[in-house]
Amino acid sequence: MTARIGVVTFPGTLDDRDTQRAVRLAGAEPVALWHRDKDLRQVDAVVLPGGFSYGDYLRAGAISRFSPMMETIIEQAKGGMPVLGICNGFQVLTEAHLLPGAMLRNTGLHFVCRDQRLRVETSGTAWTGDFTAGQEISIPLKNIDGRYTADPRTLDELEAEGRVVFRYAAGPVADGYGNPNGSLRDIAGISNAAGNVVGLMPHPEHAVESLIGTGRRDGLAFFTSVLKGLVSV
Amino acid sequence: MARVVVDVMLKPEILDPQGQAVQRALPRLGYTGISDVRQGKRFELEVDGPVDDAALARIREMAETFLANTVIEDFNVKVES
């Protein structure tokens, strides 16, 4: 049976269609989910895509976090369902306290849009099993509120428990280099303690075809990773 | 009707590049002697009925769970006469 992966659309979401396409290219069935519904339509995993849900009013992700769909997702995520938050989706996950910390305005105050080099720090999450730890990838980054922040104790905890999943990496200029936004400890993505919930600012769903971006399709492994986990269950 | 004001500010230890940009612009405009600027948010809530302890407790809960993100922000609730 084909795995079903839900993609949530909030008012102001931009990347739901690209995410559905990425899910299909990885070999799963994308299922459109609407923020005002509660029913997850029997999906096996959920992606919260990027964009500007509710216009980023109040704080990015702050209003979406209280949608009926998010109430269901929070409950299921605590029960182990794989959830990936990309960009605005990552912001929603921190606002929902499924992931620790918060996102702030980039230190340079600019919207940054470029290919970004990342180091995958762990393959031990539901969304990174098809990578190897230490592997470097390049996928698009596009945001203005991408500066990851948490208090020092939380940061130490994340590092000690292997929950820093992606770090901004130095590399060739063409690939995007270094920390783009002042994120503490170069953190680009993290996971919860169980490893089923992952959030990151860069966009794997925009790097799944050879014609687009760097052409290396580095984003596809996010989606194939979660499929393997679902099949082996 | 009474008005309750909720002020939300970034915590002191959190870098505020927007406030810094404002501060750096001040000397160019002829405003000297301002060594630091931090930017925050102000919410003005028009409350139906009396602002008693129960109403204030609800507003504090609202501020803590929604108006402010206490990971990065502090808030202050005050009643305006």
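The rules behind each value
Residues numbered from 1 in each chain as written. Chains lettered and ligands numbered in written order. Predicted model: local features only at pLDDT ≥ 70, side-chain atom pairs only at ≥ 80, totals over all residues. Heavy atoms only, no water. UniProt positions renumbered as here; feature names shortened; annotations may be inferred. Helix = DSSP H or I, 4+ residues; strand = E, 2+ residues; numbered from the N terminus. Rg over C-alpha atoms; globule rule 2.2 N^0.38 Å. Buried < 20%, exposed > 50% of the residue type's maximum accessible area, 1.4 Å probe, protein only. Contact = heavy atoms within 4.5 Å. Buried area = accessible area lost by both parts, 1.4 Å probe. Salt bridge = Lys/Arg side-chain N within 4 Å of Asp/Glu carboxyl O. Polar contact = N/O pair within 3.5 Å; in protein donor to acceptor, adjacent residues only side chain to side chain. 1 Å grid on protein atoms, 1.4 Å probe; cavity = no way out; pocket = protein on both sides within 12 Å on 5 of 7 lines; lining within 4 Å. Points joined across faces, edges and corners; volume = space filled by probe spheres on them. Nonpolar A, V, L, I, M, F, W, Y, C, P; charged D, E, K, R; others polar. Lys, Arg positive; Asp, Glu negative; His and termini not counted.

Going by what an unreviewed UniProt entry lists, chain B is known as Phosphoribosylformylglycinamidine synthase subunit PurS and is assigned to Actinacidiphila acididurans. Chain B has a UniProt comment under Catalytic activity (unreviewed entry) that states "N(2)-formyl-N(1)-(5-phospho-beta-D-ribosyl)glycinamide + L-glutamine + ATP + H2O = 2-formamido-N(1)-(5-O-phospho-beta-D-ribosyl)acetamidine + L-glutamate + ADP + phosphate + H(+)". Quoted verbatim from the Subunit (unreviewed entry) field of UniProt, the annotation for chain B is "Part of the FGAM synthase complex composed of 1 PurL, 1 PurQ and 2 PurS subunits."

Per an unreviewed UniProt entry, the recorded name for chain A is Phosphoribosylformylglycinamidine synthase subunit PurQ, and the organism is Actinacidiphila acididurans. Looking at chain A in UniProt, the text filed under Pathway (unreviewed entry) is "Purine metabolism; IMP biosynthesis via de novo pathway; 5-amino-1-(5-phospho-D-ribosyl)imidazole from N(2)-formyl-N(1)-(5-phospho-D-ribosyl)glycinamide: step 1/2." Annotation of chain A in UniProt includes, under Subcellular location (unreviewed entry), the sentence "Cytoplasm".

Let us look at the overall build of chain B. When helices and strands are tallied, chain B shows two helices and three strands. At 16 Å, chain B has a C-alpha radius of gyration far larger than the 12 Å of a compact globule built from 81 residues. Projecting the C-alpha coordinates of chain B onto the three principal axes gives extents of approximately 50 × 30 × 15 Å. Sorting the 81 residues of chain B into buried and exposed places 32% on the buried side. Counted over contacts in chain B with a minimum sequence separation of 6, partners at least 24 positions apart contribute 72%.

If you look at the interface, chain A gives 15 residues, while chain B gives 16 residues. Approximately 1300 Å² of surface area, both sides summed, lies buried where chain A meets chain B, with 69% of it carried by carbon and sulfur atoms. Counting the contacts that link chain A with chain B gives one salt bridge. Residue assignment for the side of chain A that touches chain B shows that the elements contributing at least two residues are strand 5 (102–104) and strand 8 (147–149) of chain A.

Our focus in this paragraph is the UniProt feature "active site" (unreviewed entry) in chain A. All names here are of chain A. Per the UniProt annotation, the sites labelled "active site" (unreviewed entry) are C87, H203 and E205. Sequence-wise these annotated residues cover 119 residues; spatially they are packed, their C-alpha atoms never more than 10.9 Å apart. For C87, a relative accessible area of 6% gives the class buried. The residues contacting C87, other than those within four sequence positions of it, are G50, K142, N143, L200, M201 and H203. By secondary structure assignment, the location of H203 is in the loop between strand 11 (197–200) and helix 5 (220–232). Contact partners of H203, with chain neighbours within four places excluded, come to D15, G50, I86, C87, I139, P140 and K142. Among the polar contacts made by the side chain of H203, one reaches the side chain of D15 at a distance of 3.4 Å.

Turning our eyes to something else, we now look at the layout of surface pockets. Leftover empty space is mapped by rolling, across the atoms, a probe with the size of a water molecule. Estimated volume of the largest pocket: approximately 510 Å³. If you go around the largest pocket, you meet 26 residues; those closest to its centre are R59 and L104 of chain A together with Q18, K41 and E73 of chain B. Elements with a minimum of two residues in the lining of the largest pocket: helix 3 (88–95) and strand 5 of chain A together with strand 1 (2–10), helix 1 (17–25) and strand 2 (40–47) of chain B. Here the lining of the largest pocket is composed, by residue class, of eleven nonpolar, six polar and nine charged. Its boundaries defined by the atoms lining it, the second largest pocket holds a volume of some 230 Å³.

Below, the discussion takes up the side chain of D56 of chain A. Counting through the fold element by element, D56 of chain A comes out in the loop between strand 3 (45–48) and helix 2 (68–78). Although buried, D56 of chain A forms no salt bridge, and the nearest oppositely charged side chain, R105 of chain A, lies 6.3 Å from it.

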